[in-house]
Amino acid sequence: MSLSEGAARSLRKIQQIPGNEVCADCGAPDPNWGSCSLGVFICLDCSGIHRNIPEISKVKSLNLSHWEDHELQLMAENGNQLTKSKYEAAVPVYYYKPTLKDCRVLREQWIRAKYERKEFTEPAKSFTYEEETRDGMLMKRGRDNGQFLSRRFVLSEREGTLKYFTKYDAKEPKAIIKIDSVNATFQPEKIGNPNGLQITYLKENSTRSIFVYHDSGKVIVDWFNAIRAVQLRYQQVAFPGATDAELIPKLTRNFLKEGYMEKTGPRQTEGFKKRWFTLDHRRLMYYKDPLDAFAKGEVFLGNKDHGYSVSAGLPAGTYCNGAWQHGITIQTPDRCFLFTCETEGDQQDWLKHFSDVMSAQMSPQEYSMEALFKHRA
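Residues numbered from 1 in each chain as written. Predicted model: local features only at pLDDT ≥ 70, side-chain atom pairs only at ≥ 80, totals over all residues. Heavy atoms only, no water.

- An unreviewed UniProt entry annotates the protein as ArfGAP with dual PH domains 1 of Tetraodon nigroviridis.
- According to UniProt, the comment filed for the protein under the heading Subcellular location (unreviewed entry) is "Cytoplasm". (UniProt positions renumbered as here; feature names shortened; annotations may be inferred.)

## Concerning the layout of surface pockets
Inference 1: Here the largest pocket is characterised by a volume of approximately 1100 Å³.
Inference 2: Lining the largest pocket we find 36 residues, and of these Asp180, Ser181, Arg253, Gln365 and Met369 sit closest to its centre.
Inference 3: Partitioning the lining of the largest pocket into residue classes produces 14 nonpolar, twelve polar and ten charged.
Inference 4: In terms of domain composition, the lining of the largest pocket takes at least three residues from each of domain 2 (133-250) and domain 3 (257-375).
Inference 5: Its boundaries defined by the atoms lining it, the second largest pocket holds a volume of some 470 Å³.
Inference 6: Lining of the second largest pocket is provided by 19 residues; of these, Lys101, Thr185, Phe186, Gln187 and Glu258 occupy positions nearest its centre.
Inference 7: Elements supplying a minimum of two residues to the lining of the second largest pocket: β8 (183-186), α6 (188-191) and β11 (257-263).
Inference 8: Residue contributions to the lining of the second largest pocket peak at three residues, all from α6.
Inference 9: Looking at the lining of the second largest pocket residue by residue, the class counts come to eight nonpolar, four polar and seven charged. (1 Å grid on protein atoms, 1.4 Å probe; cavity = no way out; pocket = protein on both sides within 12 Å on 5 of 7 lines; lining within 4 Å. Points joined across faces, edges and corners; volume = space filled by probe spheres on them. Nonpolar A, V, L, I, M, F, W, Y, C, P; charged D, E, K, R; others polar. Domains from an automatic or database assignment. Helix = DSSP H or I, 4+ residues; strand = E, 2+ residues; numbered from the N terminus.)

## What about the pairing of strand β16 (residues 326-331)?
Inference 1: With four bridges connecting them, strand β15 (residues 309-312) and β16 associate as antiparallel partners. Looking across to β16, one finds that Ser309 is bridged to Gln331.
Inference 2: Note that β16 and strand β17 (residues 336-341) share six bridges and pair antiparallel. Paired with Ile328 across the strands is Phe339, a residue of β17.
Inference 3: Between β16 and β17, which pair antiparallel one after the other, the connecting turn spans four residues. (Pairing = 2+ DSSP bridges.)

## Description of helix α3 (residues 69-77)
Inference 1: Taken residue by residue, α3 has Glu71, Leu72 and Met75 as its buried positions. Down the axis of α3, the buried set is contained in an arc of 100°. They therefore lie on one face. Facing away from the buried side of α3 by more than 90 degrees, the exposed set consists of Asp69 and His70.
Inference 2: Where α3 is buried, its residues touch α1 (5-15), β1 (33-35), β2 (40-42), β3 (59-61) and α4 (79-87).
Inference 3: Directly after α3, the chain includes Gly79, whose backbone phi takes a positive value near 80°. (Buried < 20%, exposed > 50% of the residue type's maximum accessible area, 1.4 Å probe, protein only. Arc of directions from axis to C-beta. Contact = heavy atoms within 4.5 Å.)

Given below as structure tokens:
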């Protein structure tokens, strides 16, 4: 039985209530599905996750499904805002709330944490992410052979470190990573696993990447939010006068952009070579392979008022041997960097990100980072 005209009018009216015009779980605009058991409006992608927990959520299309009167009444009486006030009453400030741009494992665990496990309904509840020490096994990609092997990881709030060991009973860790230098971002496509997580940190002022996953989506997302919890406590001690709103951006962050470009060397007479680029705020890193442990090089992008600029195209007379013709020139106080993109759309996207970074004011920490880059050069 299809949707009646009366039910369609009712749903349209209910959806005009503030909060119902976006997905209750990821914020995507114009949701066209609803959970008639929870009373929320959700997008197509999130409806697929809800469908996997039928004992909690029963989903229906706003355009195609038949809606009973009592289901319409439940949607009207609840809606996104009221339901959020119940299921998101006590979300910790460090907990990463996924958006429509985030990968499935983040959105699925957010949805399950809210509605299935009811983690955020009670303000006084203790969270698994806030344990003083988290100790467990993750599959880690070998730096040289590319094989994923089980490795022990230990996250310590007291020490402010993340350690990993090549053997479970090893006495000494393979690496001790200071939590303030850690970034973690989900990279399922790059790693080739739906639960793939890339962890980066500074090692002798160079960015080191390690790639991990766990077969359990809950376990890997718990690790991710536990890292954020320890980072927030570290920041609260380091910056006692700062508000949570000021500190949250200092926790894990998604890369601004990644993808292939071609680049030439400092003399600008060498051939252009294809490289994988990662823009992590002011650090532009380039790799021979996306899964390399270390970047082949890094470029610091400072403020436009201090000798940094970006423009479309390449300088006149540049020898360009590559197949890609859409050029980008980045000027820093020390040298000029030349890149080419495969398409004009890609070029414009990179240009916008570079311009946005250079337009942003620099923090004291970023001035210190700039000084380290100049010292290395």
